[in-house]
Amino acid sequence: MAKQFAYYPGCVAEFSSKELNATTQALAPMLDIELLPMPAATCCGAGDIAEAKPNLYLTLNVRILSQAEEMGVDVLTICNVCTLNLRRANKMVKEDPRLLEKVNEELVAAGARPYEGTKEVTHMLWYLAGEEGMSALEARGPRGLNGLRVAPYYGCQLLRPSSVMGFEDPDKPQSMERLITALGGEVADYEGKSKCCGFPILLAREETAFKESHVALAGARDARADVMVTPCPLCHLAMDAYQRKAEASNGEEYNMPVLHLPQLLGLALGLDNDIMDFGRHMVSPEQALATAGLV
Amino acid sequence: MPATTFDVFRYQPDSSDTPYRQEFALDHSDKVTLLDALLQIQDEQDGSIAMRYSCRSAICGSCSCKANGRTVLACMAQVEEIKEADGSDTIQVDPIGNFAPVKDLIVDLDPFWEKFRSVKPYLIPDGKAPEKERIVSKEAMNKVYNESKCILCAACYSECNSLAADPDFVGPAALAWGYRFAGDERDGQRKQRAKLYSGEHGLWDCTRCMYCNERCPKGVEPRDAIEKLGGVAFREGVSWGDAGARHARAFLVSVRTGGKLNETLLVPFTNPVTAPLDAPFALQMIRKGKAPSPLPHRIKKLNEVKHLMKNVKEEV
Ligand code: SF4
Ligand code: SF4
């Protein structure tokens, strides 16, 4: 039977990075995952609402968790920031029954369902790099990545703080390396893979943000990666959509195509290119993929 | 008796401008801290190794350094645990990052102290001093408990990604001290503090890389303090002056009107002046389908959310 999840794609994957949502939805049945929609879920607040109105952040996120609880399944995410915000709220109320009670009072007063604290939040990467995901991949018998040289880029919020995330050592993450290798790709290792992409301050502090994305983009370039892959659509925006601006601001050339993690899996499993829609990327991966015989 | 090789960063500007690395093989007892091991090397093998330390018990905050790239307090880090975590009998020891090395493991902390002083890290109460002490409830004190634990070791600056990109960023510990007092009910300068910390290199510079929370040896969680300072800035009404704060406002407006983030609002909200100048980039984004409809994205049961937005109260 397919593994069911309450699917929380997050706002960016639903709107500006639609290709990520579409690819994930097409990929899921191939890997024996059933994604159940959450039509009443809000934005997680991306840390911005937490900064401006911490109690509101907590209540909105617990409301989302409660919806998954009502559906009887755990939450599956495809964004670092959503994962951190939901997991943090979950941890806060699970560890503090009095806080949960307070939040539930607000939810009930608003006509929403109270939360019992029984659900977990998992990023798709964690599921896929775990036992179940790996065996689903194996069963599918991927056609492979033909030695494509891939630089894994984790970003921050899927790794740190480890007290909230806790899936792997934040200083030596290996989940994407495992997947890349299992899919027949070559890992391009570099130091910047768990440094910040700069996205949270990109609009407010552009120059500083570009100095931040430089660390990973230059690292992947110098490690001779054909493409970079990321589990987060916000990292993707900073690394792909803003890459040319970063090049201009930093006086550098990166020319680094950036894939969403599900696109990398899609390539290895032979998913239709129209669904993965590489035409929506600012830095086209087509040439790198064509050289490897993947498109 | 365990044996470990310590691969130590050396920099002795009196004899050479070029830093180098030096390996020391050491037999030591099995429950030795990194600081004890370094002191043993200093004692038995090379007295010229320079480092700061004092209390040896995680109180003075002097001995922060990097072990295999991770920033630690040397007196809290167990040698055998580091070896086990990294699967190697060699430990690389380096000075903390984001500061200029002065000699071996000692860095120039002047910028750290300047930033610390710049946040006015002391209580500024209103009015005349009372005859007796100001009584504060345990509950009120708990709100600044985490921030009160800071020992000013600078470990949180070592890998701060915003500091690496902007050396003038006031940084995690200083902002944690800012909240230590902005969140203290006896303080009378909350609004002034919110303004002081919201400046160009202030709290909205933080890129949320979470290294400070990960590395702080005392559980201060500086990033959480910065987030709380953001809340103070909002409640004190000083949140329109900074692009970072306006960015947060765009989220609130989006969620109130539709439930989901309206990305198209973010740019003009954050940078109302420069956004129109960036038309070529905006056009490119539109062509790639990366500028979604500016209309609110409505979720089901939006009335629940509207009710929460109106009724959930924020405390200081
Ligand atoms: S916040 Fe933590 S890491 Fe930073 S100076 Fe204080 S004790 Fe050290
Ligand atoms: S979360 Fe902010 S303050 Fe903390 S290390 Fe990262 S950028 Fe620096």
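Being a predicted model, the structure only gives us computed values, none of them experimental. (Residues numbered from 1 in each chain as written. Chains lettered and ligands numbered in written order. Predicted model: local features only at pLDDT ≥ 70, side-chain atom pairs only at ≥ 80, totals over all residues. Heavy atoms only, no water.)

Draft legend 1. Layout of the overall build of chain A. Looking only at helices and strands, chain A has 15 helices and eight strands in total. In terms of its C-alpha atoms, chain A occupies a principal-axis envelope of roughly 55 × 45 × 30 Å. With 295 residues in all, chain A has 65% of them scored as buried. Nonlocal contacts in chain A, meaning residues at least 24 apart in sequence, comprise 77% of its contacts between residues at least 6 apart. As presented, chain A carries roughly 9900 Å² of accessible surface, and 48% of it is formed by carbon and sulfur atoms. Measuring between centres, the 27 positive side-chain charges of chain A sit 3 Å from its 39 negative side-chain charges. (Helix = DSSP H or I, 4+ residues; strand = E, 2+ residues; numbered from the N terminus. Buried < 20%, exposed > 50% of the residue type's maximum accessible area, 1.4 Å probe, protein only. Contact = heavy atoms within 4.5 Å. Areas by Shrake-Rupley, 256 points an atom, 1.4 Å probe, with all protein chains shown as cover. Lys, Arg positive; Asp, Glu negative; His and termini not counted. Charge placed at Lys NZ, Arg CZ, Asp CG, Glu CD.)

Draft legend 2. Highlighting the packing of aromatic side chains. Applying the stated criterion across every chain, the model contains 10 aromatic pairs over all chains. Measuring from centroid to centroid gives 5.3 Å for phenylalanine 5 of chain A and tyrosine 127 of chain A, while their planes differ by 80 degrees, and the two rings are edge-to-face. Of this pair, phenylalanine 5 of chain A sits in strand E1 (residues 3–8) while tyrosine 127 of chain A sits in helix H7 (residues 124–129); the two residues are 122 residues apart in sequence, bridging distant segments of the chain. Summarising the aromatic geometry, the rings of phenylalanine 99 of chain B and tyrosine 157 of chain B are spaced 6.1 Å apart at their centres and angled 25 degrees between planes, so their arrangement reads as stacked. Of this pair, phenylalanine 99 of chain B sits in the loop between strand E5 (90–94) and strand E6 (101–103) while tyrosine 157 of chain B sits in helix H6 (residues 155–158), and the two are 58 residues apart along the sequence. Given the relative accessible area of 11%, phenylalanine 99 of chain B is considered buried. Over the face of the ring belonging to tyrosine 211 of chain B we find arginine 160 of chain A, whose NZ or CZ atom lies 3.6 Å from the ring centre. Here the basic side chain of arginine 180 of chain B rests over the ring of phenylalanine 181 of chain B, its NZ or CZ set 4.5 Å away from the ring centre. (Phe/Tyr/Trp six-rings, centres within 6.5 Å; stacked < 30°, edge-to-face > 60°. Lys NZ or Arg CZ within 6 Å of the ring centre and 35° of its normal.)

Draft legend 3. Local environment of the side chain of threonine 77 of chain A. Checked against the element boundaries, threonine 77 of chain A lands in strand E3 (residues 75–77). Once residues within four sequence positions are removed from consideration, threonine 77 of chain A is found in contact with Tyr8, Cys82, Thr83, Leu86, Val121, Thr122, His123 and Met124 of chain A.

Draft legend 4. Structural context of the packing of helix H4 (residues 54–71) of chain A against helix H6 (residues 97–109) of chain A. Residues and elements named next belong to chain A. Running from N to C, H4 and H6 point in directions that differ by 80 degrees, and their axes come no closer than 10 Å. In this view, H4 runs roughly perpendicular relative to H6, as classed from their interaxial angle. Judged by residue contacts, Leu58, Thr59, Val62 and Arg63 of H4 engage Leu99, Val103, Glu106 and Leu107 from H6. Of the residues that constitute the contact of H4 with H6, the class distribution is five nonpolar, one polar and two charged. (Axes fitted to C-alpha atoms, helices over the stretch in contact; angles between N-to-C directions. Parallel < 35°, antiparallel > 145°, perpendicular 65-115°, else oblique. Nonpolar A, V, L, I, M, F, W, Y, C, P; charged D, E, K, R; others polar.)

Draft legend 5. Structural context of the site of ligand 1. Near ligand 1 lie 13 residues; those nearest to it are Cys150, Cys153, Ala154, Cys156 and Cys216 of chain B. Class assignment for the residues of the shell around ligand 1 results in 12 nonpolar, no polar and one charged. (Near = heavy atom within 4 Å.)

Draft legend 6. Local environment of the sheet that holds E5 of chain B. Residues and elements named next belong to chain B. An order of E2-E1-E5-E3-E4 is seen for the five strands of this open sheet, with the pairing classed as mixed. In this open sheet, the two edge strands, each paired with only one partner strand, are strand E2 (20–27) and strand E4 (70–73). On average, each strand axis in the sheet is inclined to that of its neighbour by 30 degrees, with strand direction left out of account. With four bridges joining them, strand E3 (residues 64–67) and E4 adopt antiparallel strand pairing. In the sheet register, serine 64 faces E4, and the bridge partner there is leucine 73. (Pairing = 2+ DSSP bridges.)

Draft legend 7. Quick peek at the sheet that holds strand E5 (residues 149–152) of chain A. Residue and element names in this part refer to chain A. Across the sheet, which stays open at both edges, the four strands sit in the order E6-E5-E7-E8 with parallel pairing between neighbours. Single-partner strands in this sheet number two, and they are strand E6 (186–187) and strand E8 (258–260). Of the strand pairs in this sheet, strand E7 (residues 227–230) and E8 are connected by three bridges, and their pairing is parallel. Within the sheet, the bridge partner assigned to methionine 228 lies in E8 and is valine 258.

Draft legend 8. Spatial organisation of the site of ligand 2. Every residue close to ligand 2 is listed here: Cys160, Ser162, Phe169, Pro172, Cys206, Thr207, Arg208, Cys209, Met210, Cys212, Arg223 and Ile226 of chain B. Here the shell around ligand 2 is built from residues that sort into eight nonpolar, two polar and two charged.

Draft legend 9. Just the packing of helix H12 (residues 243–257) of chain B against helix H15 (residues 302–311) of chain B, in detail. Residue and element names in this part refer to chain B. Taken N-terminus to C-terminus, the directions of H12 and H15 make an angle of 135 degrees; their axes are 8 Å apart at the nearest point. As far as their axial angle goes, H15 and H12 are oblique. For the pair H12 and H15, contact is made by Leu252, Val255, Arg256 and Thr257 and by Leu302, Val305, Lys306 and Met309, respectively. Here the residues of the contact of H12 with H15 are counted per class, giving five nonpolar, one polar and two charged.

Draft legend 10. Structural context of the nonpolar core. Tyr8 and Met228 of chain A are the most contacted members of the largest nonpolar core, which totals 124 residues. In contact with tyrosine 8 of chain A, not counting residues within four places along its chain, are Met38, Ala41, Thr42, Cys43, Cys44, Ile64, Val75, Leu76, Thr77, Ile78, Cys82 and Leu86 of chain A. (Core = buried A, V, L, I, M, F, W, Y, C linked by side-chain atoms within 4.5 Å.)

Draft legend 11. Molecular detail of helix H10 (residues 206–222) of chain A. Residues and elements named next belong to chain A. Relative to the 24 Å expected for 17 residues at 1.5 Å per residue, H10 spans 24 Å between its end C-alpha atoms, a close match to the ideal helical length. The largest bend in H10 amounts to roughly 30 degrees and is located at histidine 214. Inspection of H10 places Thr208, Ala209, Phe210, Glu212, Ser213, Ala216, Leu217, Ala218, Gly219 and Ala220 among the buried residues, and these make up the whole buried set. (Expected span 1.5 Å × (residues − 1). Bend = angle between axes of the 7 residues up to and from the residue.)

Draft legend 12. Focus on the interface of chain B and chain A. Opposite the 67 residues of chain B that make contact, chain A presents 67 residues. Here chain B is connected to chain A by 11 salt bridges. A salt bridge links arginine 70 of chain B to aspartate 171 of chain A, with the nearest nitrogen and oxygen atoms 2.8 Å apart. In this assembly, chain B and chain A are joined by 32 residue pairs in polar contact (both at pLDDT 80 or more). Counting only elements with at least two residues in the side of chain B that touches chain A, the list comes to helix H2 (79–86), helix H7 (161–165), helix H10 (211–215), helix H11 (222–235), H12, helix H13 (263–270), helix H14 (279–287) and H15 of chain B. No other element matches the eight residues that H11 of chain B contributes to the side of chain B that touches chain A. For the side of chain B that touches chain A, a count of residues per class yields 26 nonpolar, 17 polar and 24 charged. (Salt bridge = Lys/Arg side-chain N within 4 Å of Asp/Glu carboxyl O. Polar contact = N/O pair within 3.5 Å; in protein donor to acceptor, adjacent residues only side chain to side chain.)

Draft legend 13. View of the domain arrangement of chain B. Residues and elements named next belong to chain B. Once the domains are mapped, chain B shows domain 1 (3–107), domain 2 (110–235) and domain 3 (243–315). For domain 1 and domain 2, the distance between their C-alpha centres works out to 29 Å. Each side of the interface is counted separately: domain 1 has 15 residues, and domain 2 has 15 residues. Here domain 1 and domain 2 share an interface that buries about 1100 Å² over both sides, 57% of which is from carbon and sulfur atoms. Looking at the side of domain 1 facing domain 2, the largest losses of area belong to Thr71, Asn98 and Phe99, adding up to 47% of the total buried there. Our count for the domain 1 to domain 2 interface comes out at zero salt bridges. (Domains from an automatic or database assignment. Buried area = accessible area lost by both parts, 1.4 Å probe.)

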